[in-house]
Amino acid sequence: MDQIRSTFNSMIKSERYSRFTLQPAEDGERHAEVKLSDDATEAEDGQAGGSPSFRPAPPHQRRRTLYFLILGTLLIFITGYLVGFISHRKPHAETASCDTQLATENLTRKTPTGVAPTGVAPTAVAPTAVAPTAVTPAVVPVAPAAQMDWADVAELLTQKLTSQAFDTTLSEFDKLKRSAGSEEDMSQGNRIFSDFKKLEMDPWTDIHYVQLQKPDSTRPNRVTFGSNVFEPAGYLAYSATGNVQGKLVYGNYGLQKDFDFLQKQNIVLKGSVVLLRAGNISFAEQVDNAAKNGASAVLIYPDIQDFNYVADTALYGHVHLGSGDPYTPGFPSFNHTLFPPTQSSGLPKIPAQTITASMASTILQRIGGPVADAGSGFKGGFDGLTYKLGGSENITVEVNNVLVNTEIHNVFGVIKGFTDPDRYVVLGAQRDAWGRGYARAAVGTSVLLELAKAIHEMVENDGFRPRRSLVFASWSAGEYGSVGATEWLEGYMSSIDKSVLTYINLDGVVMGRGSFIASASPLLYSLLESTMKQVKSPLGSGSVYDLVGNTAWQANALRPMSADDSAYPFLASSGIPSVSFHFISPNTETYMYYGTNLDNLDHLNYQTSHRTGEMVASAAQFAGRMALRLVHDYLLRLDVSQYSKVVTMAVRRVDIRINQLRMSGRLKEVSPSWLSDARGSFKRAADGISNAIQNTDLNDKEACRILNDRIMRVEHTLLSPYVSPIETPFRHILLGRGSHTLASIAETDDMKQLHTELALATWSLQGCANAMMGDIWDIDNII
């Protein structure tokens, strides 16, 4: 520093000399007087009382002086930079790439002891004075870590998801009861919140106040048939209430073809009470079909041919042909929001009630009427009982259910991405059930929590850096029609519709052992296939792909997503690519114990050959691999080309119908080319995305984000903008429900409606194609 000071003084005097005179002032203080002069020979330089003179340095010393000045300045700057870097540096500085450095501030981290938080000045201790033992690992420079290969990520996940871990978690979530909004439900929600908090997942709770229909404890529901009076314990939520009497008719499963068969047998349906056996379609669809065919009430029972359990087992469910709180359709059930009184169009207008198999057997023995022929498919499994169609005996149904305003809590946690934290995959599971709900709720909740633990450990300890975020959601009131999940969607759709990449449903992931089925958006078909090839078969050899038959996996494993699937509102109402999957027993499609008090560990163990823990671990690995693949790669694993095939098939059915109607003379001034042209635009847009992917450097994160934006528009823009979410909540023109769908257009007999819906569907499909093109100047609009 003396050398620097000397150099600085030399520079000051190089052309001039300075005189610094300290003179006493009147106030007793000394002041410095500075005088500059160009006269280097001034005689006063040596006079007493003056300051010493500083002569200019010789010319040959000036360059060396300048060099010392520059060197000193650099030394000061470097020293200050190092001190600031060490003092202000955040922990966990190692990153996978430059992308993760940009996103590090989005992660919640605790400041290690002895390290100053960002923005707080460090203590004034020289670096050389700090003992080596006092330096924490967080302040030691670490070389950036490379992004983990996908194979390493997948293997790491598999190692962490073991059957032993699930044995413990499953036992902790096995509860005797867990009805929505109950004390047990709230307790489980608090437990999940606490676990998310321990994992530093920034948990939060979403609270709704919903109308749940429950039996009246003072006035039980009742069925009267002759001298028999039944008071079943089970019930169907959201049934119309009242007392109805009518002729009893047996209607098999309540499919439309079943009602068509009854009408051909001259059975009068108008005003009748229809007895149906559960299965094939949802309770809500059964009641809706009965009402459309003129029935005044519906009774539903589990026939032993389909449900081989104790004959006195009570059956529970709901009959809302929709999802969410039916008294706030299309908008959220927040307590502070004043919405006008309204009801969902999916609420039934007729009473509906479940009865046990033993009650149904008693009724069927005395139903009367013609016998169903062998080829009708009406015969069930009761031995020694002749299945007759009825139509001659009266029966009375009394439903006294009441609405209860109930507070429910959805619980969330998040593992934030390092590059695109604003894009995320949601994994969800309901935690409520009608009874014990072991397969229905305990399994999915356990998978949700163990996945969160495993991925958190991968990020914290193993160097995994997800590019996008993962949101873990625990839903309440799922048994009433995905109420909790739907209310969240309705409450925050403006925030999440363009941010959620995919919804992965964890409900019912294990129903048995020996087979596998799935329902998904076509965008996820390719990801499903690749995941099936990578996850080992729980039977011990080969993969899940081998388990379902690798020659025709789609035909063997894929199923249309039903309206009572928990993922359906995400896909058909909100336009979010969604998937549900189930490990299941061979030659079955459902889990017979759902909606009963028999959904417990013993029965699931029987279905899995006492390997429930292994099956749950396999299901968790399957869900985890899909989720991590979606947040690991630069390019989203959503395959638009798969949708082209689905669109082509749907449009072809409409074309065939229109040509038939035109040839018959029933339809005029309508051309099938309208919709075909829109299909062509969709295919060209899909091909354009595929070509762009092939010609893009997939290591270029900005280019991939632009492509991802185009891919993410597909599902959402397939929602019809021309229908009301209140009247028609499932707005998807390919996978939804209602007159706006291409499937409905291909079947309608109303020519005016066909004309209108065809035009609107055409523009919906064209709008999707336009959105996929990206830039407005690339739009191919030839209609």
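Residues numbered from 1 in each chain as written. Predicted model: local features only at pLDDT ≥ 70, side-chain atom pairs only at ≥ 80, totals over all residues. Heavy atoms only, no water.

**Re the overall build of the protein chain**
Step number 1: Summing up its helical and strand segments, the protein chain has 22 helices and 18 strands in all.
Step number 2: Looking at the protein chain as a whole, 52% of its 783 residues are labelled buried.
Step number 3: For the protein chain, long-range pairs separated by at least 24 residues make up 78% of all intrachain contacts whose partners lie at least 6 apart in sequence.
Step number 4: Taken as a whole, the protein chain presents about 35,500 Å² of accessible surface, with 53% of it coming from carbon and sulfur. (Helix = DSSP H or I, 4+ residues; strand = E, 2+ residues; numbered from the N terminus. Buried < 20%, exposed > 50% of the residue type's maximum accessible area, 1.4 Å probe, protein only. Contact = heavy atoms within 4.5 Å. Areas by Shrake-Rupley, 256 points an atom, 1.4 Å probe, with all protein chains shown as cover.)

**Notes on the pairing of strand β15 (residues 468–475)**
Step number 1: Among the eight residues of β15, eight are classified as buried, and the element is accordingly described as predominantly covered.
Step number 2: When strand β13 (residues 402–415) meets β15, the two strands line up antiparallel, connected through five bridges. Each residue of the ladder has a partner; that of I415, found in β15, is L470.
Step number 3: The parallel pair strand β14 (residues 420–430) and β15, bridged by helix α10 (residues 438–461), forms a crossover whose chirality is right-handed. (Pairing = 2+ DSSP bridges. Right-handed = clockwise from strand over helix to strand, strands pointing away.)

**Some details on the packing of helix α5 (residues 163–172) against α10**
Step number 1: Closest axis-to-axis distance for the α5/α10 pair is 9 Å, and the angle between their directions is 125 degrees. As summarised for this structure, α5 and α10 are arranged oblique, according to the angle between their axes. At the point where α5 passes α10, the crossing takes the right-handed sense. In contact with A165, F166, T169 and L170 of α5, α10 contributes Y438, A442, V443, S446, V447 and E450.
Step number 2: Partitioning the contact of α5 with α10 into residue classes produces seven nonpolar, two polar and one charged. (Axes fitted to C-alpha atoms, helices over the stretch in contact; angles between N-to-C directions. Parallel < 35°, antiparallel > 145°, perpendicular 65-115°, else oblique. Left-handed = near helix turned anticlockwise from the far one by under 90°. Nonpolar A, V, L, I, M, F, W, Y, C, P; charged D, E, K, R; others polar.)

**Let's talk about the packing of aromatic side chains**
Step number 1: What the rule picks out here adds up to 29 aromatic pairs.
Step number 2: When the centroid spacing of 5.3 Å and the interplanar angle of 65 degrees are considered together, the rings of Y591 and Y594 count as edge-to-face.
Step number 3: An aromatic cluster is present here, built from W204, F412, W475, W488, Y503 and F570 joined pairwise through their rings.
Step number 4: Of note, R440 hangs over the ring of Y594, and the distance from its end group to the ring centre comes to 4.5 Å.
Step number 5: Over the face of the ring belonging to Y634 we find R467, whose NZ or CZ atom lies 3.6 Å from the ring centre. (Phe/Tyr/Trp six-rings, centres within 6.5 Å; stacked < 30°, edge-to-face > 60°. Lys NZ or Arg CZ within 6 Å of the ring centre and 35° of its normal.)

**Structural notes on the sheet that holds strand β8 (residues 273–277)**
Step number 1: Taken together, the seven strands give an open sheet; going across it, the order is β5-β4-β12-β7-β8-β9-β11, and neighbouring strands pair in mixed fashion. On the outer flanks of this sheet lie β5 (228–230) and β11 (352–354), each paired with one strand and no other. Here the average twist between neighbouring strands, direction ignored, is 30 degrees.
Step number 2: Strand contacts of helix α8 (residues 283–292): β8, β9 (297–301) and β11, with the helix running at about 145 degrees to β9, the strand carrying the most contacts.
Step number 3: Sheet strands in contact with helix α9 (residues 357–364) are β4 (222–225), β5, β7 (242–250), β8, β9 and β12 (390–399), and its direction is about 155 degrees off that of β5.

**Details of the confidence of the model for the protein chain**
Step number 1: Summary statistics for the protein chain give a mean pLDDT of 84 and a share of 81% for residues scoring 70 or more.
Step number 2: Low pLDDT, under 50, characterises residues 10–60; the stretch is placed with 56 contacts to residues that sit more than four places away or in other chains.
Step number 3: Within the model, the stretch residues 88–144 combines pLDDT values under 50 with 69 contacts to residues more than four positions away or in other chains. (pLDDT = per-residue confidence, 0-100.)

**Some points on a nonpolar patch on the surface**
Step number 1: On the surface, a cluster of nonpolar side chains totalling about 410 Å² of accessible area is made up of I70, L74, F77 and I78.
Step number 2: With respect to the helices, strands and loops of the structure, F77 is situated in helix α2 (residues 62–88). (Patch = residues over 30% accessible without salt bridge, like charges linked within 9 Å, V, L, I, M, F, W, Y side chains within 5 Å. Salt bridge = Lys/Arg side-chain N within 4 Å of Asp/Glu carboxyl O.)

**Focus on unusual backbone geometry**
Step number 1: Backbone geometry at N252 places phi at a positive 55 degrees, although glycine is not the residue there.
Step number 2: Mapped onto the fold, N252 is located in the loop between β7 and α7 (256–264).
Step number 3: Of note, the phi angle at A477 is positive, near 60 degrees, even though the residue is not glycine.
Step number 4: Among the secondary structure elements, A477 is positioned in the loop between β15 and α11 (483–496).

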